[in-house]
Amino acid sequence: MDIKSFWDDAVSYTEYLREAGERLGNPKNSQESDYAEYYRLGIQRMNRMWEKYLPNSEQVATLANKNFNGKILIISEAWCGDASQVIPVVVKFFEQFEIRISYRDQEPSLIDDYLVNGGKSIPIVIFLDENFNEIAHWGPRPKHGTELLNKHKANPEAFTKDQFYVELQTYYAKNRGFDTVEELLELL
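Small disclaimer: the values here were computed from a predicted structure and weren't measured.

A.B. asks: So what about the pairing of strand β3 (residues 124-128)? Which residues, and what values?
C.D. replies: With 5 of 5 residues buried, β3 is to be regarded as a mostly interior element. Here β3 shows a buried face lined by I124, I126 and L128 and a second buried face lined by V125 and F127. Here 5 bridges tie strand β1 (residues 71-76) to β3, and the two strands are oriented antiparallel to one another. Within the sheet, the bridge partner assigned to I75 lies in β3 and is I124. For β3 and strand β4 (residues 134-138), the ladder comprises 4 bridges, and the chain directions are antiparallel. Note that in β4 the partner of V125 across the bridge is W138. Where β3 hands over to β4, the hairpin turn is made up of 5 residues, of which F132 adopts a positive phi near 70°.

A.B. asks: Tell me about the pattern of salt bridges, residues and numbers included.
C.D. replies: According to the stated counting rule, one finds 12 salt bridges in the structure shown. A salt bridge links R18 to E15, with the nearest nitrogen and oxygen atoms 2.3 Å apart. Note that R18 and E15 are positioned in helix α2 (residues 13-25) at a spacing of 3 residues, about one turn of the helix. R40 is the salt-bridge partner of E37, the closest N and O atoms lying 2.4 Å from each other.

A.B. asks: Just give me the short version of the packing of aromatic side chains, but keep the residues and values in it.
C.D. replies: Tallying each qualifying case throughout the model produces 12 aromatic pairs. Ring geometry for Y13 and W50: centres 5.5 Å apart, planes at 25°, overall stacked. One end of the pair, Y13, is in helix α2; the other, W50, is in helix α4 (residues 36-52), with 37 residues separating them in the sequence. Relative accessible area serves as the criterion here: at 9%, Y13 is assigned to the buried category. Given a relative accessible area of 32%, W50 falls into the partly exposed group. Ring centres 5.7 Å apart and planes at 65° place the aromatic pair Y35 and Y38 in the edge-to-face group. Here Y35 falls in the partly exposed class, since its relative accessible area comes to 26%. Here the aromatic cluster, defined as three or more aromatic residues joined through ring pairs, consists of F68, F93, F94, F97 and F127. Note that R23 overlies the ring of Y103, its terminal NZ or CZ placed 4.5 Å from the centroid. The ring of W7 is capped by R100, whose NZ or CZ atom sits 5.9 Å from the centre of that ring.

Here is what the cut-offs are and how they apply
Residues numbered from 1 in each chain as written. Predicted model: local features only at pLDDT ≥ 70, side-chain atom pairs only at ≥ 80, totals over all residues. Heavy atoms only, no water. Buried < 20%, exposed > 50% of the residue type's maximum accessible area, 1.4 Å probe, protein only. Helix = DSSP H or I, 4+ residues; strand = E, 2+ residues; numbered from the N terminus. Pairing = 2+ DSSP bridges. Salt bridge = Lys/Arg side-chain N within 4 Å of Asp/Glu carboxyl O. Phe/Tyr/Trp six-rings, centres within 6.5 Å; stacked < 30°, edge-to-face > 60°. Lys NZ or Arg CZ within 6 Å of the ring centre and 35° of its normal.

Now the structure itself:
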């Protein structure tokens, strides 16, 4: 896999947000039309997280001690609930580095190398060195989010899909990206 070609075709966070708005306002296909509400929620959540997230000073100091000087490639789609909470945090926390976003559904061969339990779960955050070699990857959600998902899957009658979504979004709102950054720093 030539990850540099995916990097070259990827977009900035600003472009990602702009294109999400275009897909919401002017869908190009039936999937984008069907996902309109998810695009709307995704844009709303990304904007809210961007406003609310403040990097933790201890985590900033930890990053400085990691000597990371590569790039970050994220596989995502703007309609994804996890992505809407994670991507603004990653972009803001790692703002001194080059960050690009590759669309999961644009060219599936990239996400096929990062399947989670056989699924194309997103976002996937990939740390690259200066030569586009992978250092580590993470995704699609913090450990607590995965625990909530597993709780739903284990007993969907007792912990319904709606309860899962509410608890997950509440967790994201209260945690404000701390766990995401903590887990990413552990990988560097």
